[in-house]
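A closer look at the structure
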Amino acid sequence: ARISGMLDRILAANPRVIGLDVFFSGHKGVIEDSLLQNSIKKGNQKIVLANALQNFNEEAGRFENVAVDDTMFSNYARIGFANFPANPTRTIRYFSPVELGPDGPIRCFAAEIMHIYDSSAVNRLFARNNVLERIHFTSTEDHFILFESETILDTTVDLRPALEDKIVLMGYSGTNEWNDPLID
């Protein structure tokens, strides 16, 4: 219900795209699930849900399964995989723009978001035909606007100036140092 309320407020601010990096693996209840489904429907295909590719088949060169959110939600949004290539360090340095799934190519979460925001940028990315792309970090967390859920749900706060026509990413950003959420 809280995520649904946040989505409704964010959608009212008219962002160009919302990336929702939260897995909805089970049902909470009829009311809560219906609220979330209705909010995602209101997004009119400008919400991207994260999923996970599973069971890589080396012989076939593809993933056998896609762990998608319940169709109650995913049928009304776009999806993009949130997997990253194996990395010996904590900092992700590379990403795969597209992978083969059981039914064909699937874009990564970031590429699916960019496809909605600026499809020509994604076309340039795919034209390079790189299996892996290096991430060139150019900003720190100080360069991004971060809203806590209480601020988003506060109806006295006008979100439009900060969010209109922008990319909005929603996900967990806890405050514990051990998981470095803002660095990630």
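Report on the accompanying structure. Along each chain, residues carry numbers from 1 onward, in the same order as the chain's sequence is written. Two thresholds apply to this predicted model, a pLDDT of at least 70 for residue-level local features and 80 or more for giving and counting side-chain atom pairs, whereas whole-chain, interface and lining totals are computed over all residues. Only hydrogens and water are removed before side-chain values are computed, so all heavy atoms of the structure are retained for them.

1. Some details on the nonpolar core
Quick reminder of the rule: Nonpolar cores are built from buried Ala, Val, Leu, Ile, Met, Phe, Trp, Tyr and Cys residues. Side-chain atoms within 4.5 Å join them into one set. Between buried and exposed lies partly exposed: a residue is buried under 20% and exposed over 50% of the maximum accessible area for its type, with that area taken using a 1.4 Å probe on protein chains only. Helix numbering and strand numbering both begin at the N terminus, where a helix is a DSSP run of H or I of at least 4 residues and a strand a DSSP run of E of at least 2. Any two residues whose heavy atoms approach within 4.5 Å are treated as being in contact.
In this structure, Leu7, Ile18, Ile40, Ile47, Leu49 and Met170 are the most contacted members of the largest nonpolar core, which totals 20 residues. Looking at this core, the elements that each hand over two or more residues are α1 (2-12), β1 (17-21), α2 (30-42), β2 (47-57), α3 (71-74) and β9 (167-171). If one sorts the elements of this core by residue count, α1 sits on top with four residues. Sequence-distant contacts of Met170, that is, excluding residues within four places in its chain, are made with Ile3, Met6, Leu7, Ile10, Ile18, Gly19, Leu20, Asp21 and Val22. In this structure, Phe81, Phe95, Ala111 and Leu125 belong to the second largest nonpolar core, which totals eight residues.

2. Structural notes on the pattern of salt bridges
Cut-off, in case you're wondering: What counts as a salt bridge is simple: a side-chain nitrogen of Lys or Arg found within 4 Å of a carboxyl oxygen of Asp or Glu.
Applying the stated rule across the entire model yields eight salt bridges. Two residues, Arg16 and Asp165, come together in a salt bridge whose shortest N-O distance is 2.8 Å. In this pair, Arg16 is assigned in the loop between α1 and β1 and Asp165 in the loop between α7 (160-163) and β9, connecting sequence segments 149 residues apart. The exposure class of Arg16 is partly exposed, given its relative accessible area of 29%. Among the ionic pairs, Arg78 bridges to Glu112, the shortest N-O distance being 3.4 Å.

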